[in-house]
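An overview of the molecular structure
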Amino acid sequence: MAQRTSPLLLMLLLSTASSTFQPALVLEMANILLDNYCFPENLVGMQEAIQKAINSGEILQISDKKTLATVLTSGVQGALNDPRLTVSYEPNFVPVMPPMLPSLPIEQLVWLVRNSAKLDILDNNVGYLRMDRIIGKETAAKLGSRLRDNIWDKVAETSSLIFDLRYSTAGEFSGVPSIISYFSDAEPLIHIDTVYDRPSNTTRELWTTASKMGKRYGRKKDVIILTSKRTMGAAEAVAYTLKNIKRAIVVGERSAGGSVKVQKIMIAKTEFYITVPVARSISPITGQSWEVRGVSPTVNVNPKEAIAKAKSLLAIRRAIPKVLKSISDIIGRFYAFTDRVPGLLQCLQSTDLFSVVSEEDLAARLNQDLQAVSEDPRLIIKYNQDDPATEEDPEPDNVPDDVELLKELVDTTFKVEILPHNTGFLRFDKFLKLSTWANLEELMANKVWEPLKDTNNLIIDLRSNTGGSSTSLSLVLSYLQDTFQKHHFFTIYDRIQNTTTEYDSLPQTGPTYGSKRGVYVLTSYHTAGVGEEFAYLIQSLHRGTVIGEITSGNLMHSKTFPIEGTDIAVTVPFINFLDNDGECWLGGGVVPDSIVLAEEAVEYVHEIADFHQGLRSLVEGTGQLLEKHYAIHEVALKVGNELLSNWAEGVYWSAVDFESLASQLTADLQETSGDHRLHVFHCSVEPESLHDVPKIPTAEEVGYMIDALFKIELLPGNVGYLRFDMMADIEVMKAIGSQLIKLVWSKIVNTDALIIDMRYNSGGYSTAIPLLCTYFFDAEPLQHLYTVFDRTTTTMTEVLTLPQVRGQRYGSSKDVYILTSHVTGSAAEVFTLTMMDLNRATIIGEPTIGGSLSSGTYQIGDSALYASIPNQVVLSAVTGKMWSLAGVQPHVIAQASDALPVAQRIIAARLLRREQRK
């Protein structure tokens, strides 16, 4: 051992000044671990523990040898965190060498196999194989056809298998690949384990085999493995592997957590022994091992109940094909999205159901996969054992034909009032089925619409409306539209009837409410069925404002079908409800425009109605500000007209306060103009100007300012690196100019190439751009950088380089690289674009944000709304065209995080080419 003495042993030799028995015992124990422990890399962790134990003198004071063994066990287990390491004192220990099975006579081998393996065929052709010992490769070869004929070929004829390893406490690891191969296909081969043996310092891989004596069980038939806390060793390797290659379900207890190989080794010539795991297993499938921790079961049950549980699991798994076929048939016949049916059927056939162990598990797995494919929350597969049956859409009551009965029905169904502020109030708790149009329509005109026709606003109370018939939706909606224009409201496709019905506005016999006055629909958690459809259509048609609570969300237009012989049911939507834009509403609760408690909804109506009175002036005011200040006048006119059109179409009925209106106006401004810089915001106090005159720093502040704003570095190859994250104003730059030249610029101006990092620069002031650009051009001639058009002053200003600057110029010949990201904006973009336009820099990174030089903030009327409007555009000095709102497109596209190393590689490549040309 001297030739490879470890730091651990050197420490022991140096620290063991006494020749007493205990330190010598510890030293020899360390030698054994170094030569035999299967995790030699962990032994370094013992150094401190052994040093501490010897130096403390604790073990020197222990005279009782069994106590000493206990202390040493605790120490070594604590140091290596391995409970298998034990030290024992056994003066009468006699090693027993187990017989090598292959060397036994054939009769004894047959007797051994007969007593360690039991095969039975249960009901439904379920095989039961109990194996108390894993037979090794050599033993199996010696038994030959006996093993094949009496066990494996008989097992192969079963429809499913219960593989009982609850009592398997012994065996040979060479037999593991053979068993795994039996339950696998011949190809491809599977790498199932890697075993490292420390004494020989060798690593052995275990693979399935392509050739197999007799029939294979294959991968398709169900296998249940039974385990207990007694299951150990090779049996654990079998259970762990078959579980993790998804070939078997494990039922029972967590297994013992044994080891591949453990040896009991005498410590020197004493009566002390140390038990050491000398080999270890690492699964290539999981990267972990069953050793120590054991194999955790898929289904945890008492081992005594494991067979009964396995039988019930196999019954469930036998039912899976039937369940899949039933669900497939139901979806194929009834699902309303016929174009999605093939994909759903394919999903059912390909869903991984290997680990399904209950009907509830099966339902959950199928439901998750089908909803992911269909993107339809109405398509539901559910386990209903403890749940009430899903209620389907109730059939609405028919409207009576008798006129007197109709009058009574209208009087009891509809409640009409005139509230303060001349606000109409209409409550009805269900939508009637229109089987007799004319009589009902005339009665409603007289008793409902006539009293409400001259109100300023109308409240429709659906807080207690639980549904009814969709056929009456068109009648109610028609009353809320102008008679001179026909409207399409919605379409219903019925898969069972295979019919498509369009519902349009109907001619009115009485007065209509029209489309200009406010309509406020009140909802609650009880609003359901057709009541939800009405609230949804009010929003999608932009005809009113929904106020109250989110509706019940129970409208599915579905039927529920139980799967025979199971507690599984599938709910399939057979009707598609398409709004006026052709979008299919998938049900679920309707979210109000203003979410308030249902009982307080009426109070909020008056507040929101007052806000809506000023909507037109706010929308017009926004358009007028655009026409006056937005840099691109033709775009401003287009956007203003679009805003007014949206108002006329009722788009802004959904805005219930300044904040929601600001959000909607911002979305419309940006979508119509394509300019993300336009936005409207709400502010209760007048906002400060975004372009106040910058504060000139004091002499004391200059140093701090430079340190905070600028970062410089000299990179390999004499490459300068300059990062600054804000564009300062020209007056500030003049104030700090001399210190900036001294502390920053002078350190990088003589580099051979320069990287300017603008990845984190979101902009600032544009006034210093000419100064910054000037340093990268010669003094003569002056360069035209860009032209600025200011809408506020209607002036065009050409921006040029400066004739003189402080300090030394970088010049026009050395390479400059600018790094960008999606954060780079405003003035930082103008600098980058200018350097790019004039071929003065290579741009590397991500496309920039697309900002502007200047934006003004303007109050919309006398309201609390303000519009931020870009009032300047930059025109290219080269093309004369306006800078695209898409931002700067780099020469070399790269992730922002990779831009710097990309730039360095480009610099190195260019330098190499130049040297090769010389």
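Residues numbered from 1 in each chain as written. Predicted model: local features only at pLDDT ≥ 70, side-chain atom pairs only at ≥ 80, totals over all residues. Heavy atoms only, no water.

Topic: a nonpolar patch on the surface
- Taken together, the side chains of Y525, I550, V591 and I595 present a nonpolar region at the surface, about 390 Å² in accessible area.
- Tracing the backbone through its elements, the reader meets I595 in strand β26 (residues 594–595). (Patch = residues over 30% accessible without salt bridge, like charges linked within 9 Å, V, L, I, M, F, W, Y side chains within 5 Å. Areas by Shrake-Rupley, 256 points an atom, 1.4 Å probe, with all protein chains shown as cover. Salt bridge = Lys/Arg side-chain N within 4 Å of Asp/Glu carboxyl O. Helix = DSSP H or I, 4+ residues; strand = E, 2+ residues; numbered from the N terminus.)

Let's talk about the pattern of salt bridges
- Scanning all chains against the criterion turns up 23 salt bridges.
- Two residues, D132 and R130, come together in a salt bridge whose shortest N-O distance is 3.0 Å.
- For R130, a relative accessible area of 27% corresponds to the partly exposed category.
- Because the salt bridges share partners, they merge into one network encompassing D82, R84 and E291. (Buried < 20%, exposed > 50% of the residue type's maximum accessible area, 1.4 Å probe, protein only.)

Quick word on the sheet that holds strand β34 (residues 842–845)
- Judged by pairing direction, the sheet is mixed, and its six strands sit side by side in the order β28-β29-β30-β33-β34-β38 without closing on themselves. If you trace the sheet from one side to the other, it starts and ends with β28 (710–715) and β38 (892–893), each paired once.
- Direction of pairing for strand β33 (residues 815–820) relative to β34: parallel, over a ladder of four bridges. When the bridges of β34 are listed, T820 appears paired with G845.
- Docked against the sheet, helix α25 (residues 827–837) engages β30 (753–757), β33 and β34, running at close to 140° with respect to β33.
- Where helix α26 (residues 899–917) meets the sheet, its contacts fall on β28, β29 (719–724), β30, β33, β34 and β38, and the angle it forms with β33 comes to roughly 160°. (Pairing = 2+ DSSP bridges. Contact = heavy atoms within 4.5 Å. Axes fitted to C-alpha atoms, helices over the stretch in contact; angles between N-to-C directions.)

Details of helix α16 (residues 530–540)
- Burial runs high along α16: ten of the eleven residues are buried.
- Taken together, the buried positions of α16 are occupied by V530, G531, E532, E533, F534, A535, Y536, L537, I538 and S540.
- Taken from the residues just after α16, H542 is the one with a positive phi, measuring 55°.

Examining the side chain of N367
- Mapping N367 onto the fold places it in helix α12 (residues 359–374).
- Polar contacts involving the side chain of N367 include one to the main-chain amide nitrogen of I381, which spans 2.9 Å.
- Each residue touching N367, except ones within four places of it in the same chain, is listed here: L379, I380 and I381. (Polar contact = N/O pair within 3.5 Å; in protein donor to acceptor, adjacent residues only side chain to side chain.)

Focus: a negative patch on the surface
- Residues E607, D610, D657 and E659 make up a contiguous surface patch of negative charge.
- For D657, the position within the fold is in the loop between α19 (633–648) and α20 (658–673). (Lys, Arg positive; Asp, Glu negative; His and termini not counted. Charge placed at Lys NZ, Arg CZ, Asp CG, Glu CD.)

So, the packing of helix α11 (residues 341–350) against α12
- Where α11 meets α12, the closest approach of the two axes is 10 Å, and the angle between their N-to-C directions is 150°. Taken together, the axes of α11 and α12 are roughly antiparallel relative to one another. Crossing handedness for the pair α11 and α12: right-handed. Counted together, G343, L344, C347 and L348 of α11 and L366, D369, L370, V373 and S374 of α12 form the full contact between these two elements.
- Looking at the contact of α11 with α12, its residues break down into six nonpolar, two polar and one charged. (Parallel < 35°, antiparallel > 145°, perpendicular 65-115°, else oblique. Left-handed = near helix turned anticlockwise from the far one by under 90°. Nonpolar A, V, L, I, M, F, W, Y, C, P; charged D, E, K, R; others polar.)

Quick notes on the environment of G640
- Secondary-structure assignment places G640 in helix α19.
- Distance from G640 to T622, taken between C-alpha atoms, is 7.4 Å for residues 18 residues apart in sequence.

Thoughts on the confidence of the model for the protein chain
- On average, residues of the protein chain carry a pLDDT of 86, and 89% of them reach 70 or more.
- Note on residues 1–19: pLDDT is under 50 here. Beyond four places in sequence and across chains, it has 29 contacts.
- Note that pLDDT drops below 50 for residues 388–393; the model gives that stretch ten contacts with residues more than four away or on any other chain. (pLDDT = per-residue confidence, 0-100.)

Regarding α12
- For α12, with 16 residues, the first-to-last C-alpha span of 22 Å sits near the 22 Å given by 1.5 Å per residue.
- Within α12, the full set of buried residues consists of L362, A363, L366, N367, L370 and S374. An end-on view of α12 places all buried positions within 125° of arc, on one side of the element. The outward face of α12, more than 90 degrees from its buried face, is lined by the exposed residues E360, Q368 and A372.
- On the buried face of α12, the contacting elements are α10 (306–334), α11, β14 (380–383) and β23 (568–573). (Expected span 1.5 Å × (residues − 1). Arc of directions from axis to C-beta.)

Side note on the packing of aromatic side chains
- Overall, the coordinates contain 27 aromatic pairs when judged by the stated rule.
- Look at Y536 and W585: their rings are 4.6 Å apart centre to centre, the planes differ by 10°, and that puts the pair in the stacked class. Of this pair, Y536 sits in helix α16 while W585 sits in strand β25 (residues 584–585), and the two are 49 residues apart along the sequence. For the pair Y536 and W585, a shared accessibility class is recorded, and that class is buried.
- With a centroid separation of 6.0 Å and an interplanar angle of 90°, the aromatic rings of W745 and F776 are classed as edge-to-face. With W745 in the loop between α23 (737–743) and β30 and F776 in the loop between α24 (769–774) and β31 (784–790), this pair connects stretches of sequence that are 31 residues apart.
- A relative accessible area of 9% places W745 in the buried class.
- What links up through ring pairs into an aromatic cluster is the set W152, F163, Y182, F183 and Y217. (Phe/Tyr/Trp six-rings, centres within 6.5 Å; stacked < 30°, edge-to-face > 60°.)

Observations concerning the packing of α10 against α12
- Between α10 and α12, whose axes approach to 11 Å, the crossing angle comes to 35°. As for the relative orientation of α10 and α12, their crossing is right-handed in sense. For the pair α10 and α12, the contacting residues are I316, I320, V323, L324, I327 and I331 in the first and E359, L362, L366 and L370 in the second.
- A per-class count over the contact of α10 with α12 returns nine nonpolar, no polar and one charged.

Details of the sheet that holds strand β2 (residues 117–122)
- What the six strands build is an open sheet, ordered β2-β3-β5-β9-β10-β13; its pairing is mixed. Every interior strand has two partners, whereas the edge strands, β2 and β13 (299–300), have only one.
- Sheet topology places strand β9 (residues 223–227) next to strand β10 (residues 249–252); four bridges connect them, and they run parallel. Paired with L226 across the bridge in β10 is V251.
- Here helix α9 (residues 234–244) sits on the sheet in contact with β5 (160–164), β9 and β10, set at roughly 140° to β9.

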